[in-house]
Amino acid sequence: MASGQGSKKKGLSSLMSNDPDKPVKVDKWDGNAVKNALDDQAKKVLTEGYGYQEDHSVTDTRLAICTVSVLFALGALAYDYLYPFPTSRPVLILCVVAYFVLMGILTLFTTLKEKNYILFAVEKDDAGVGPDHVWTLRSGLKRYDHMYTLTMSFKDGNSKKEREQSMIKSVACWFDTEGTLIPEHFDKDVKELRKSLGEKKEN
């Protein structure tokens with residue numbers, strides 16, 4: 001049990017390293033660590049490799065909903081402390097109802113909007129006058145499975161048309177026997193995926 005926890009901590013410490021030149025090494029039997037390593041590398045290809053700007057609006061919206069929900073909960077506690085029940089009853093009802101409504105909105109938001117997206121990025125127009133193009137990434141790695149799915153979508157800022165492509169490969173294609181990520185192999189596949197979506201735009 002202790003060795004398993006040690007392996008997970010080791011995998012997490014590798015992912016959290018601030019040294020960009022340090023190889024990413026994870027416990028290859030830990031599906032979450034493997035997926036996180038690939039997700040992070042896929043995001044780097046678009047943001048660092050192509051210079052796209054990450055759009056945090058979706059994450060900010062989720063955090064805003066969570067923050068307002070917590071404020072309602074804290075408000076209920078504070079009001080009940082200052083004006084004990086039953087005086088606080090109307091305010092408690094309001095806060096509880098508002099909290100559960102916001103939790104419902106949050107559930108719908110994460111289910112319909114966030115889904116399993118790992119990146120929303122913006123490609124600025126070269127001239128700086130045209131509309132931005134939007135790139136998104138979402139991924140999946142089922143439990144006890146070795147097949148990693150990466151789906152990339154592109155939304156043209158001019159035509160507003162959207163298209164997407166996916167790749168499904170074994171994680172063994174990108175990790176060595178020690179669990180070290182081989183970025184050259186993975187980056188090549190991500191760039192090929194991006195190229196398949198960008199050809200029409202570039203031409």
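This one's a predicted model, so the numbers in the text were calculated from it and none came from an experiment.

Criteria and cut-off values
Residues numbered from 1 in each chain as written. Predicted model: local features only at pLDDT ≥ 70, side-chain atom pairs only at ≥ 80, totals over all residues. Heavy atoms only, no water. Helix = DSSP H or I, 4+ residues; strand = E, 2+ residues; numbered from the N terminus. Buried < 20%, exposed > 50% of the residue type's maximum accessible area, 1.4 Å probe, protein only. Contact = heavy atoms within 4.5 Å. Areas by Shrake-Rupley, 256 points an atom, 1.4 Å probe, with all protein chains shown as cover. Axes fitted to C-alpha atoms, helices over the stretch in contact; angles between N-to-C directions. Parallel < 35°, antiparallel > 145°, perpendicular 65-115°, else oblique. Left-handed = near helix turned anticlockwise from the far one by under 90°. Nonpolar A, V, L, I, M, F, W, Y, C, P; charged D, E, K, R; others polar. Salt bridge = Lys/Arg side-chain N within 4 Å of Asp/Glu carboxyl O. Expected span 1.5 Å × (residues − 1). Polar contact = N/O pair within 3.5 Å; in protein donor to acceptor, adjacent residues only side chain to side chain. Pairing = 2+ DSSP bridges. Phe/Tyr/Trp six-rings, centres within 6.5 Å; stacked < 30°, edge-to-face > 60°. Core = buried A, V, L, I, M, F, W, Y, C linked by side-chain atoms within 4.5 Å.

Trainee: I'm lost on the overall build of the protein in this one. Help?
Mentor: Along the protein, the regular secondary structure elements total five helices and five strands. Helices and strands in the protein line up, N terminus first, as α-α-β-α-α-β-β-β-β-α. Expressed as a percentage of the 203 residues in the protein, the buried residues total 33%. Across the protein, the fraction of contacts at a sequence separation of at least 24, relative to all contacts at a separation of at least 6, is 51%. A total of about 13100 Å² of accessible surface is found on the protein, and carbon and sulfur atoms cover 57% of it.

Trainee: Teacher, can you tell me more about the packing of helix H3 (residues 57-82) against helix H4 (residues 89-114) here?
Mentor: The geometry of a pair of packed helices is captured by two quantities: the angle between their axes and the separation between those axes. At a minimum axis distance of 9 Å, the contact between H3 and H4 shows a crossing angle of 165°. As summarised for this structure, H3 and H4 are arranged roughly antiparallel, according to the angle between their axes. Like other packed secondary-structure pairs, H3 and H4 cross with a definite hand, here left-handed. Of the residues that constitute the contact of H3 with H4, the class distribution is 18 nonpolar, five polar and four charged.

Trainee: Would you mind showing me how to read the pattern of salt bridges here?
Mentor: When their charged atoms lie close together, side chains carrying opposite charge are able to pair. With the rule as written, the count across this model stands at five salt bridges. The residue aspartate 40 makes a salt bridge to lysine 43 at a minimum N-O spacing of 3.8 Å. With a gap of three residues between them, aspartate 40 and lysine 43 both fall in helix H2 (residues 31-49), about one helical turn apart. In this structure aspartate 40 comes out as partly exposed when scored by relative accessible area, which is 32%.

Trainee: So what exactly am I meant to see when it comes to H2 here?
Mentor: Helical geometry note: an α-helix holds 3.6 residues per turn, so side chains three or four residues apart project in the same direction. Taking 1.5 Å per residue as the helical rise, H2 with its 19 residues ought to reach 27 Å, and the 26 Å between its terminal C-alpha atoms agrees with that figure. Listed as buried for H2 are Ala33, Val34, Lys35, Ala37, Leu38, Asp39, Gln41, Ala42, Val45 and Leu46. Its side-chain oxygen at 3.2 Å from the backbone nitrogen of asparagine 32, aspartate 30 defines the N-terminal cap of H2. Remark: glycine 51 follows H2 within two positions and exhibits a positive phi of approximately 75°.

Trainee: Any chance you could explain H3 here in plain terms?
Mentor: Spanning 26 residues, H3 covers 37 Å between terminal C-alpha atoms, matching the ideal 38 Å at 1.5 Å per step. Every buried residue belonging to H3 is among Val58, Ile65, Ser69 and Ala76, and all of these are buried. Packing partners of the buried residues in H3 comprise H4 and strand E2 (117-123).

Trainee: Can you walk me through the side chain of serine 88 in this structure?
Mentor: As for its placement among the helices and strands, serine 88 is situated in the loop between H3 and H4. With residues up to four places along the chain from it excluded, the contact list for serine 88 reads Tyr79, Asp80 and Tyr83.

Trainee: Honestly, the sheet that holds strand E4 (residues 147-155) in this entry has me stumped. Any pointers?
Mentor: The strands making up a sheet are joined through hydrogen bonds of the backbone, oriented either antiparallel or parallel. If you trace the five strands from one edge of the open sheet to the other, you get E1-E2-E3-E4-E5, paired in antiparallel fashion. A single partner strand is all that each edge strand has here, and the edge strands are strand E1 (53-54) and strand E5 (162-170). As paired elements, E2 and strand E3 (residues 133-141) share six bridges and run antiparallel to each other. Counterpart to tyrosine 117 in the pairing with E3 is arginine 138.

Trainee: Just checking my understanding: could you explain the packing of aromatic side chains for this structure?
Mentor: Note on aromatic pairs: each is described by the distance of the centres and the angle between the planes. In the structure shown here, the tally under the stated rule is nine aromatic pairs. Arranged with centres 5.6 Å apart and planes meeting at 15°, the rings of tyrosine 52 and tryptophan 135 form a pair that is stacked. Of the two residues, tyrosine 52 is situated in the loop between H2 and E1 and tryptophan 135 in strand E3; the sequence distance between them amounts to 83 residues. Tryptophan 135 carries the same exposure label as tyrosine 52, and that label is buried.

Trainee: I'm lost on the nonpolar core in this one. Help?
Mentor: Considering soluble globular proteins, one finds that nonpolar side chains tend to be buried as a cluster. Counting residues in each nonpolar core, the largest one holds 29 residues, and the members touching the most others are Leu38, Leu150, Phe175 and Phe186. Sorting the residues of this core by element identifies H2, E2, E3, E4 and helix H5 (183-202) as the ones contributing at least two each. Counting residues per element, this core draws most heavily on H2, at seven residues.

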